[in-house]
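An overview of the molecular structure
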Amino acid sequence: MRKALFLLVLLICSISASGQVTVTATKYHPGMGGAGWITASGSRIDNNKLQNYQIKWIALSPDMFAKLGVKMGDEVIIECANILLNGVWIVKDKMAARLRNRIDILLPKGDKMNFNAPIKVQIRKKS
């Protein structure tokens, strides 16, 4: 039991040291579940840019701000099996306080990202 606990603590420390964590990612779009056209950072979502995939914004659950050491406007790197989602995204929104270890990826309605169910992604703060 002690050995398993030690390995778990070691794993958590190695994830924290690298700054990369695994989270559950979902998608959202303006008007979905109460989401409006203004993000928590005060940024207005330009629908034309969103439809053309020129906006790469995410929302983080409140606990992720401390885990990743980020604030609104910081850039993060997402890595996952869906190569369309990989890359640099900007933190522009904050999810509900009850949610933990999650991110929401802002996508246009009817998106073509092949992302219809929650997925696991690796996320880290861009250096």
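Above this text is the structure in question.
Everything quoted here is computed from the prediction, not taken from an experiment.

On to the nonpolar core. One finds Ile 58, Leu 60, Ile 78, Trp 89, Ile 103, Ile 105 and Ile 123 to be the most contacted residues of the largest nonpolar core, which totals 22 residues. Going through the elements one at a time, strand 1 (20-28), strand 2 (57-60), helix 3 (62-68), strand 3 (75-79), strand 4 (87-94), strand 5 (102-106) and strand 6 (119-125) are the ones with two or more residues in this core. Ignoring sequence-local partners within four residues, the contact set of Ile 105 consists of Ala 25, Thr 26, Lys 27, Tyr 28, Trp 57, Ile 58, Ile 78, Leu 85, Trp 89 and Phe 115. Tyr 28, Ile 45, Ile 55 and Met 95 belong to the second largest nonpolar core, which has eight residues in total.

With that out of the way, let us pick up the sheet that holds strand 1. The mixed closed barrel is built from six strands, whose spatial order is 1-5-2-4-3-6. The mean angle between the axes of side-by-side strands here comes to 45°, regardless of whether they run parallel or antiparallel.

The next point concerns the environment of Asp 104. In this fold, Asp 104 is placed in strand 5. In sequence terms Asp 104 and Leu 60 are 44 residues apart; their C-alpha atoms lie 6.4 Å from each other. If we skip the residues at most four places from it in the chain, Asp 104 touches Thr 26, Lys 27, Tyr 28, Trp 57, Ile 58, Ala 59 and Met 95.

In this section: the pairing of strand 4. Sheet analysis places strand 2 next to strand 4, joined by four bridges and oriented parallel. In the sheet register, Leu 60 faces strand 4, and the bridge partner there is Lys 94.

A regular strand carries its side chains on alternate faces of the sheet. Note that strand 1 and strand 6 share six bridges and pair antiparallel. Residue pairing across strands places Thr 24 opposite Lys 120, the latter belonging to strand 6. Relative to strand 6, strand 3 is paired through four bridges, and the arrangement is antiparallel. When the sheet's bridge partners are listed, Ile 77 is paired in strand 6 with Arg 124.

Relative to the elements of secondary structure, Thr 24 occurs in strand 1. Owing to a relative accessible area of 18%, Thr 24 belongs among the buried residues under this scheme.

Before going further, it helps to spend a moment on the pattern of salt bridges. Under the criterion given, the structure shown has six salt bridges. Across the salt bridge formed by Glu 75 and Lys 126, the nearest N and O atoms sit 3.2 Å from each other. Taken together, the positions of Glu 75 in strand 3 and Lys 126 in the segment after strand 6 put the pair 51 residues apart, joining distant regions of the chain. Of the residues examined, Lys 126 reaches a relative accessible area of 35% and is grouped as partly exposed.

Phi at Tyr 53 is positive, roughly 60°, even though this residue is not glycine. Summarising the element assignment, Tyr 53 is placed in the loop between helix 2 (47-51) and strand 2. For Asn 101, which is not glycine, the phi dihedral falls at a positive 55°. Relative to the assigned elements, Asn 101 resides in the loop between strand 4 and strand 5. Judged by relative accessible area, which is 25%, Asn 101 ranks as partly exposed.

The rules behind each value
Residues numbered from 1 in each chain as written. Predicted model: local features only at pLDDT ≥ 70, side-chain atom pairs only at ≥ 80, totals over all residues. Heavy atoms only, no water. Core = buried A, V, L, I, M, F, W, Y, C linked by side-chain atoms within 4.5 Å. Buried < 20%, exposed > 50% of the residue type's maximum accessible area, 1.4 Å probe, protein only. Helix = DSSP H or I, 4+ residues; strand = E, 2+ residues; numbered from the N terminus. Contact = heavy atoms within 4.5 Å. Pairing = 2+ DSSP bridges. Axes fitted to C-alpha atoms, helices over the stretch in contact; angles between N-to-C directions. Salt bridge = Lys/Arg side-chain N within 4 Å of Asp/Glu carboxyl O.

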